[in-house]
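Each chain, letter by letter, is given below.
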Amino acid sequence: MAAEEPQQQKPEPLGSDSEGVNCLAYDEAIMAQQDRIQQEFMDLIEQVEKRTSVADLLASFNDQSTSDYLVVYLRLLTSGYLQRESKFFEHFIEGGRTVKEFCQQEVEPMCKESDHIHIIALAQALSVSIQVEYMDRGEGGTTNPHVFPEGSEPKVYLLYRPGHYDILYK
C-alpha cells in the first residue's frame, strides 16, 4: 500500500491593521514561515508556466491568503536585493538609516507602502522590466508612465495610486 501524501493546509490570510492585526507580531510569524512563503510563490509561478486559465490565475491571485504570501515573498526578495546592493541604494535612503534598517522598517513589514526604491530593486532583482503608471491628484485624469529600467520593454504593468500599486492587465 502506497503512503498517502499529507494534505497541504491552505494558509490563513495575513490580515492588516484595519482588521486589528498587530503587523509587527504578524511579520515575525511570517519570517518564521519563509519556506512556506517561497513554496506558495513557486506554486503560482508553476501555474503561470502551465498556462493555467486566466480565470484560475485570477482566482489564485484574488485569494487573500495566496496573495498575502506573494506580497511577503516579493517584500523579502526586494529586501534581500536592496541589502546585497547596499552600496548603490544607500544614497537614496533618507533619515540617516542604513539599508538594513530601511529594509527592516519599510520593506519587509506588511502594512507598509511601497515606494519608488522598492520598484527599482524588485525590477532588478527579478530581471524584469516594469512599467508603472503613476496617477496624481492633478486635473486631466492622465497617468505618467515610468519604465524600470529606463529604455527597456516592459513585461509587467502596474498602476500606482497614491499609497497603493495595482496590477494592470494588457
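Calculation rules
- Residues numbered from 1 in each chain as written.
- Predicted model: local features only at pLDDT ≥ 70, side-chain atom pairs only at ≥ 80, totals over all residues.
- Heavy atoms only, no water.
- UniProt positions renumbered as here; feature names shortened; annotations may be inferred.
- Pairing = 2+ DSSP bridges.
- Helix = DSSP H or I, 4+ residues; strand = E, 2+ residues; numbered from the N terminus.
- Axes fitted to C-alpha atoms, helices over the stretch in contact; angles between N-to-C directions.
- Parallel < 35°, antiparallel > 145°, perpendicular 65-115°, else oblique.
- Left-handed = near helix turned anticlockwise from the far one by under 90°.
- Contact = heavy atoms within 4.5 Å.
- Nonpolar A, V, L, I, M, F, W, Y, C, P; charged D, E, K, R; others polar.

- Going by an unreviewed UniProt entry, the protein chain carries the name Ubiquitin thioesterase OTUB1 and comes from Sarcophilus harrisii.
- According to the UniProt record, the Catalytic activity (unreviewed entry) comment for the protein chain is "Thiol-dependent hydrolysis of ester, thioester, amide, peptide and isopeptide bonds formed by the C-terminal Gly of ubiquitin (a 76-residue protein attached to proteins as an intracellular targeting signal)."
- You can read under Subcellular location (unreviewed entry) in the UniProt record for the protein chain the words "Cytoplasm".

**Digging into the sheet that holds strand E1 (residues 130-135)**
Phase 1: Taken together, the four strands give an open sheet; going across it, the order is E2-E1-E3-E4, and neighbouring strands pair in mixed fashion. Two strands in the sheet have a free side with no partner beyond their single neighbour: strand E2 (143-148) and strand E4 (164-168). Taken pair by pair, the neighbouring strands of this sheet meet at an average axis angle of 25 degrees, ignoring direction.
Phase 2: With six bridges connecting them, E1 and E2 associate as antiparallel partners. In the strand pairing of E2, Tyr134 is matched with Asn144.

**Things to note about the packing of helix H4 (residues 64-84) against helix H6 (residues 99-107)**
Phase 1: Packing of H4 against H6 brings their axes to within 9 Å, and their N-to-C directions diverge by 165 degrees. Considering their axes alone, H4 and H6 lie roughly antiparallel with respect to each other. As for the relative orientation of H4 and H6, their crossing is right-handed in sense. Seen from H4, the contacting residues are Arg75, Thr78, Ser79, Leu82 and Gln83; seen from H6, they are Val99, Lys100, Phe102, Cys103, Glu106 and Val107.
Phase 2: Considered class by class, the residues forming the contact of H4 with H6 number five nonpolar, three polar and three charged.

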